[in-house]
Amino acid sequence: MSGSVVAIVGAGRIGLSLAADLSQAGPSVSVSVVGRSTQAPPFLDGLRGVTYQTLGGATATELLCSMPLPEVLVFAVPDDSLAAVAREWVEAMSTTRRRRRKARHPEPALHTSGLHAAE
C-alpha cells in the first residue's frame, strides 16, 4: 500500500484496530478515522500517519466529500447502520462525479460487518 490514503468511517473497536495496524505499514500510508466523538480516542495518540476527523454534526459522507478522496474506504460502522451509510456514500459520489467530470472513479469501499454480504 505504498503512498496510500485510507479513510475509516467508524471509531469503534474494529475501526481503531484497523487504524493501528495500518499505522505500522510505514510512512507512505496515511489513515483518516472518522467518528462521532468530538475528541480523538486516546488510543490513536502516537500512531504514525493517523488523523481523526469528528463528524461535528455532519454526516460521514458530508465530511468525506470535503476531504481528498482516499484510495481505500472502510465502513466500520454498526451492522444496522451499514446500508444507510453506504447508500448515502454512493449517491454522494454519483453527484460529485457529475459536478467534476474529471473526478477519478470512486475508490474501493470495504465493510467490516459480519451480518451483511459484500454486495
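Rules of the game
Residues numbered from 1 in each chain as written. Predicted model: local features only at pLDDT ≥ 70, side-chain atom pairs only at ≥ 80, totals over all residues. Heavy atoms only, no water. 1 Å grid on protein atoms, 1.4 Å probe; cavity = no way out; pocket = protein on both sides within 12 Å on 5 of 7 lines; lining within 4 Å. Points joined across faces, edges and corners; volume = space filled by probe spheres on them. Helix = DSSP H or I, 4+ residues; strand = E, 2+ residues; numbered from the N terminus. Nonpolar A, V, L, I, M, F, W, Y, C, P; charged D, E, K, R; others polar. Pairing = 2+ DSSP bridges. Axes fitted to C-alpha atoms, helices over the stretch in contact; angles between N-to-C directions. Contact = heavy atoms within 4.5 Å.

### Some details on the layout of surface pockets
Argument step 1. A volume near 470 Å³ is recorded for the largest pocket.
Argument step 2. Around the largest pocket sit 27 residues that line it, and G10, R36, A76, V77 and P78 are the ones nearest its centre.
Argument step 3. Contributing elements (two or more residues each) for the lining of the largest pocket: α1 (13-23), β2 (30-35), α2 (60-66) and α3 (79-99).
Argument step 4. The dominant element in the lining of the largest pocket, judged by the number of residues it contributes, is α3, at five residues.
Argument step 5. Here the lining of the largest pocket is composed, by residue class, of 13 nonpolar, ten polar and four charged.

### Observations regarding the sheet that holds strand β1 (residues 5-9)
Argument step 1. Strand order in this open sheet of five strands is β3-β2-β1-β4-β5, and the pairing throughout is parallel. Sheet topology places β3 (50-54) and β5 (109-111) at the edges, where each strand pairs with a single neighbour. Going from strand to strand, the sheet's axes swing by 20 degrees on average, the running direction of each strand aside.
Argument step 2. Summarising the sheet, β1 and β2 pair through five bridges and their orientation is parallel. Counterpart to V5 in the pairing with β2 is S30.
Argument step 3. Packing of α1 onto the sheet brings it into contact with β1, β2, β3 and β4 (72-75), and relative to β1 it is tilted by some 165 degrees.

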